[in-house]
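Chain residues, written in single-letter form:
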Amino acid sequence: MGKKITSFRGVLNTIKFILLQVYPKLLTLLGIRFLDEEAGKFFSDIIRDTIKMREEKNIVRPDVIHILMEAQKKRTQDTTEKSNISNLDITSQCVIFFFAGFETISTTLCFGMYELATNPDVQNKLREEILEMTKSGPITYDTLLQMRYLDMVSSEVLRKWPQLSFVDRICTKPYVVDGKIQIKPNTEVWIPTYALHRDPQYFPDPDKFNPERFDSKKNTITPYTYLPFGLGPRSCIGNRFAIMEMKCFLFYVLSKYEIVPTEKTPIPMVLSKDIQLGSENGFWMGLKRI
Ligand code: HEM
């Protein structure tokens, strides 16, 4: 179900996605849904039933559903007006959370494994840092944060393979780019993350997997050219969680296994022709116990 709701592989889904961005009203008029209907219903039923049970039994949990339920009540208490946050809004927000935090991280991890399998020098250097760290006791949130090379490798994976190849914004006031291009209010603007991340002007030799470019001591990143999680108040809310997931995963895999290419590993990588960045024939790697 998770895969069904988060995967947009195939030409039809790509066309649907672009139409949704450009003509959202047309898709609504035609009754074309963005999410898989069965999976969408599965998730919204779970969330709707959860809200209902919490309301009936006064259950409190420290999570997003609770925060949204509180926001819904607060609106009603502060004003005499009816809350404009509906249960459907809460359900949609929860589905978005699941949707935004599922395929993004799993595919990023696959690309990370792929880069380590095909760049053994980087893999060995990272393992050295990991094994050094394990000597000083069990791994914690703080120790993971201290690991500089792990941070550099994670950043480089996100640069080379940004899961959202563009971010979008609506222009709110007239703006001229470089004195040449005029952008009118209400225009939808796409910011091409993938193209920026692969631009040799900002990232020399951009197809090379080179964690050294993220060495904080060298300070080589031009502001606003590195946007794996977008930027500003609408940037990815799961940013720090995603990086932590990635670091934990790489830490545990590399401390026990060597990641190696197999005869099925595509070298060089062949990308799928989808709106989502992925490998044409999946990700294939071998694990050798160390
Ligand atoms: C490697 C993993 C991930 C990547 C590369 C990623 C990337 C992004 C990007 C580029 C955006 C759009 C930001 C913008 O428009 O400026 C976004 C939005 C979002 N992400 Fe992530 N994300 C990841 C993981 C997660 C996780 C784990 C969660 C939740 C636990 C999450 C939740 C969200 C949500 C809720 C939004 C919508 C924010 C809004 O519209 O205000 N993401 N993400």
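All values derive from a computational prediction rather than experimental measurement. (Residues numbered from 1 in each chain as written. Predicted model: local features only at pLDDT ≥ 70, side-chain atom pairs only at ≥ 80, totals over all residues. Heavy atoms only, no water.)

Describing the site of the ligand
Every one of the 23 residues lining the ligand counts as a neighbour, but R169, P228, G230, R234 and C236 are closest to it. Here a nitrogen atom of the ligand and a backbone polar atom of A100 are 3.4 Å apart. R234 has a polar backbone atom sitting 3.4 Å from an oxygen atom of the ligand. Elements with a contribution of two residues or more to the shell around the ligand: α6 (87-100), α7 (103-118), β1 (167-170) and α12 (239-256). (Near = heavy atom within 4 Å. Polar contact = N/O pair within 3.5 Å; in protein donor to acceptor, adjacent residues only side chain to side chain. Helix = DSSP H or I, 4+ residues; strand = E, 2+ residues; numbered from the N terminus.)

Topic: the coordination of the iron atom of the ligand
Just one protein atom donates to the iron atom of the ligand; it is C236 (SG), sitting 2.3 Å from the metal. Looking at the secondary structure, you find C236 in the loop between α11 (193-197) and α12. (Donors = N, O, S within 2.8 Å, 3.2 Å for Na, K, Ca; no water.)

Observations concerning a nonpolar patch on the surface
Together, V11, I15, I18, L19, V22, Y23, L26, L29, L30, I32 and W190 make up an exposed nonpolar region whose accessible area comes to about 1,000 Å². The element best represented in the nonpolar patch is helix α2 (residues 11-22), accounting for 5 residues. A relative accessible area of 36% places I18 in the partly exposed class. (Patch = residues over 30% accessible without salt bridge, like charges linked within 9 Å, V, L, I, M, F, W, Y side chains within 5 Å. Areas by Shrake-Rupley, 256 points an atom, 1.4 Å probe, with all protein chains shown as cover. Salt bridge = Lys/Arg side-chain N within 4 Å of Asp/Glu carboxyl O. Buried < 20%, exposed > 50% of the residue type's maximum accessible area, 1.4 Å probe, protein only.)

Description of the packing of aromatic side chains
The tally for this structure, following the rule as stated, stands at 9 aromatic pairs. Every member of this aromatic cluster is reached through a ring pair, and the members are F42, F43, F98 and F102. Lying over the aromatic face of W161, R198 brings its terminal NZ or CZ to 4.8 Å of the ring centre. (Phe/Tyr/Trp six-rings, centres within 6.5 Å; stacked < 30°, edge-to-face > 60°. Lys NZ or Arg CZ within 6 Å of the ring centre and 35° of its normal.)

Observations regarding the UniProt feature "binding site: heme" (unreviewed entry) in the chain
Summarizing the sequence annotation, UniProt attributes the feature "binding site: heme" (unreviewed entry) to C236 in the numbering used throughout. Given a relative accessible area of 34%, C236 falls into the partly exposed group. (UniProt positions renumbered as here; feature names shortened; annotations may be inferred.)

A few points about the packing of α7 against helix α8 (residues 120-134)
Packed helix pairs are characterised by how far apart their axes lie and by the angle those axes make with each other. Two elements in contact, α7 and α8, have axes separated by 5 Å at closest approach and are oriented at 105°. In terms of orientation, α7 lies roughly perpendicular with respect to α8. Taken together, the residues of α8 that come into contact with α7 (itself represented by L116, A117 and T118) are P120, V122, Q123 and L126. Across the contact of α7 with α8, the residue classes break down as 5 nonpolar, 2 polar and no charged. (Axes fitted to C-alpha atoms, helices over the stretch in contact; angles between N-to-C directions. Parallel < 35°, antiparallel > 145°, perpendicular 65-115°, else oblique. Contact = heavy atoms within 4.5 Å. Nonpolar A, V, L, I, M, F, W, Y, C, P; charged D, E, K, R; others polar.)

A look at unusual backbone geometry
Among all residues except glycine, the phi angle is most often negative; among peptide bonds, the trans geometry is most common. Put simply, I267 and P268 share a cis peptide bond, and its omega is 0°. Following the sequence through the fold, P268 ends up in the loop between β5 (257-260) and β6 (286-289). Unlike most non-glycine residues, D178 shows phi in positive territory, near 55°. Along the chain, D178 turns up in the loop between β2 (175-177) and β3 (181-183). Residue D178 is classed as exposed on the basis of its relative accessible area, which comes to 66%. The residue Y224 is not glycine, and still its phi comes out positive at about 70°. With respect to the element layout, Y224 can be found in the loop between α11 and α12. Accessibility expressed as a relative area gives 64% for Y224, which makes it exposed.

As for the confidence of the model for the chain
Summary statistics for the chain give a mean pLDDT of 90 and a share of 96% for residues scoring 70 or more. Among the prediction metrics, the complex's ipTM stands at 0.97, with pTM recorded as 0.90. (pLDDT = per-residue confidence, 0-100.)

Comments concerning the packing of helix α4 (residues 37-57) against α6
Orientation of α4 relative to α6, taken along the N-to-C sense of each, is 125°, at an axis distance of 9 Å. It follows that α4 is oblique to α6 by the angle criterion. Of the two elements, α4 crosses α6, and the hand of that crossing is right-handed. Where α4 abuts α6, its residues F43, S44, I47, R48, I51 and E55 lie against N87, I90, T91, C94, V95 and F98. Per-class residue counts for the contact of α4 with α6 are 7 nonpolar, 3 polar and 2 charged. (Left-handed = near helix turned anticlockwise from the far one by under 90°.)

Notes on the pattern of salt bridges
Evaluation of the coordinates by the stated rule reveals 15 salt bridges. One salt bridge connects D63 with R54, and the closest N-O pair in it is separated by 2.8 Å. Given the relative accessible area of 8%, R54 is considered buried. A salt bridge links E212 to K125, with the nearest nitrogen and oxygen atoms 3.2 Å apart. Residue E212 is found in the loop between α11 and α12, and its partner K125 is found in helix α8; the two are separated by 87 residues along the sequence. Owing to a relative accessible area of 40%, K125 belongs among the partly exposed residues under this scheme. Through salt bridges with shared partners, a single network forms among K41, D45, R48 and D49.

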